[in-house]
Amino acid sequence: MTKSLSARNIVKRYGGVVALSDGNLDVQTGEVVALIGANGSGKSTLSKVINGVVVLDGGQLLLDDRPVHLSSPQSAKKLGIATVFQELSLIPQMTVAENIWLTREPMTAFGTVSRKIVNEKTEELLSFFRGTCKTELHPDDPVAALPPDEKQIIEILKAISFDPWMIILDEATASLDSRQVQRLFELIEDWKDTGKAVVFVSHRMDEIFRIADRYSVLRNGKTVGSG
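First, a word on scope: everything that follows refers to the structure included in this document. Please read all numbers here as calculations on a predicted model, not as lab measurements.

Procedures and definitions
Residues numbered from 1 in each chain as written. Predicted model: local features only at pLDDT ≥ 70, side-chain atom pairs only at ≥ 80, totals over all residues. Heavy atoms only, no water. Helix = DSSP H or I, 4+ residues; strand = E, 2+ residues; numbered from the N terminus. Rg over C-alpha atoms; globule rule 2.2 N^0.38 Å. Buried < 20%, exposed > 50% of the residue type's maximum accessible area, 1.4 Å probe, protein only. Contact = heavy atoms within 4.5 Å. Lys, Arg positive; Asp, Glu negative; His and termini not counted. Charge placed at Lys NZ, Arg CZ, Asp CG, Glu CD. Expected span 1.5 Å × (residues − 1). Arc of directions from axis to C-beta. 1 Å grid on protein atoms, 1.4 Å probe; cavity = no way out; pocket = protein on both sides within 12 Å on 5 of 7 lines; lining within 4 Å. Points joined across faces, edges and corners; volume = space filled by probe spheres on them. Nonpolar A, V, L, I, M, F, W, Y, C, P; charged D, E, K, R; others polar. Pairing = 2+ DSSP bridges. Salt bridge = Lys/Arg side-chain N within 4 Å of Asp/Glu carboxyl O. Phe/Tyr/Trp six-rings, centres within 6.5 Å; stacked < 30°, edge-to-face > 60°. Lys NZ or Arg CZ within 6 Å of the ring centre and 35° of its normal.

Let us now look at the overall build of the protein chain. When helices and strands are counted, the protein chain shows 7 helices and 10 strands. For 227 residues, the compact-globule formula gives about 17 Å, and the C-alpha radius of gyration of the protein chain, at 18 Å, lands near that figure. Oriented by its inertia axes, the alpha-carbon framework of the protein chain measures out at about 50 × 40 × 40 Å. A burial count over the protein chain gives 49% of its 227 residues as buried. Within the protein chain, residue pairs in contact and separated by at least 24 positions form 67% of the contacts whose partners lie at least 6 positions apart. For the protein chain, the distance from the average site of its 26 positive side-chain charges to the average site of its 29 negative ones is 5 Å.

In a regular helix each residue adds 1.5 Å, so 12 residues correspond to 16 Å; helix α4 (residues 115–126) covers 16 Å between its end C-alpha atoms and thus fits that length. All of the buried residues in α4 are Val 118, Thr 122, Leu 125 and Leu 126. Down the axis of α4, the buried side of the element spans an arc of 95°, and every buried residue falls inside it. Within α4, the exposed residues directed more than 90 degrees away from the buried face are Lys 116 and Glu 124. Buried residues in α4 make contact with α3 (96–101) and α5 (148–160).

What follows covers the layout of surface pockets. Considering only enclosed or pocket space, the largest pocket measures out at about 500 Å³ in volume. Contributing to the lining of the largest pocket are 22 residues, with Pro 73, Gln 74, Lys 77, Ser 89 and Lys 158 lying nearest its centre. Elements supplying a minimum of two residues to the lining of the largest pocket: α1 (43–51), α2 (73–78), β6 (81–84), α3 and α5. When its residues are assigned to classes, the lining of the largest pocket shows 9 nonpolar, 6 polar and 7 charged.

This part is about the pairing of strand β4 (residues 58–63). Judged from the 5 bridges that link them, strand β1 (residues 4–14) and β4 form a sheet pairing that is antiparallel. Residue pairing for β4: Leu 5 is matched across the bridge by Leu 63. Hairpin connection from β4 to strand β5 (residues 66–68): 2 residues lie between these consecutive antiparallel strands, with Asp 64 at a positive phi of about 50°.

On to the environment of Asp 140. Tracing the sequence through the fold places Asp 140 in the loop between α4 and α5. Each C-alpha atom, one on Asp 140 and one on Gln 74, is 26 Å from the other, the two residues being 66 residues apart in sequence. Aside from chain neighbours lying at most four places away, what touches Asp 140 is Thr 95 and Asn 119.

With that out of the way, let us pick up the pattern of salt bridges. Under the counting rule described, the total for this entry stands at 12 salt bridges. Measuring nitrogen to oxygen at the nearest pair gives 3.1 Å for the salt bridge that ties Glu 207 to Arg 204. Among the residues examined, Glu 207 registers a relative accessible area of 5% and is labelled buried. Each of Glu 123, Arg 130 and Glu 136 takes part in one network of salt bridges that share partners.

Within this structure, the stated rule accounts for 1 aromatic pair. Consider the rings of Phe 185 and Phe 200, whose centres lie 5.8 Å apart with planes at 75°: the pair is edge-to-face. With Phe 185 in helix α6 (residues 178–193) and Phe 200 in strand β8 (residues 197–201), this residue pair connects regions lying 15 residues apart in the sequence. For the residue pair Phe 185 and Phe 200, the accessibility class agrees, reading buried in each case. The ring of Tyr 14 is capped by Lys 12, whose NZ or CZ atom sits 5.4 Å from the centre of that ring. Above the face of the Phe 162 ring, Arg 104 is positioned so that its terminal group lies 3.7 Å from the ring centre.

Keep in mind that these numbers describe shape and distance, not what the molecule does.
Structure follows, in structure tokens:
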């Protein structure tokens, strides 16, 4: 079943600074939409409005043509929207598995965390990027010890773990090498085939031309073009 999300005439102010004055975006299942614009154009702000990190000051969000109010990232995730931001949200003191499943740990019948299931599910996710890292990643690896590219991969896997219908990738390739980007693009094609939607935020035009089906351009807080 086709699902869609539309951001219509979004406004967001921070005091006297207008981050978005007329932000618009339409995305539906089975496609990749590139969100393009210079630094400060409003791309990340629009992404955060759609993800529930930022509450809009004007305009509206429509999910399957029905107005929705996203007051937090949790409310967005409940509606099947997950985001990979450039600013990492991982907790360094925790392991790979603990970061991915934080607050959602599979439990045993006795009410304790099932380490066996946690590790099995984490291994399944890690297999998506197997062979693209300098060393093989494991569920018990401490995140603090990982290089930036591997931390970014864990962020991506954490988003996938929610099984969202829509994934926002905000500069998610910035820390990845060419092999890892290629693998991510293969995953994106798989997500499209299974009916997921992807919003791809990037400054790398070669990547946009490789992966995106459509584009939307922001300039000074306004959507100025799409196609």
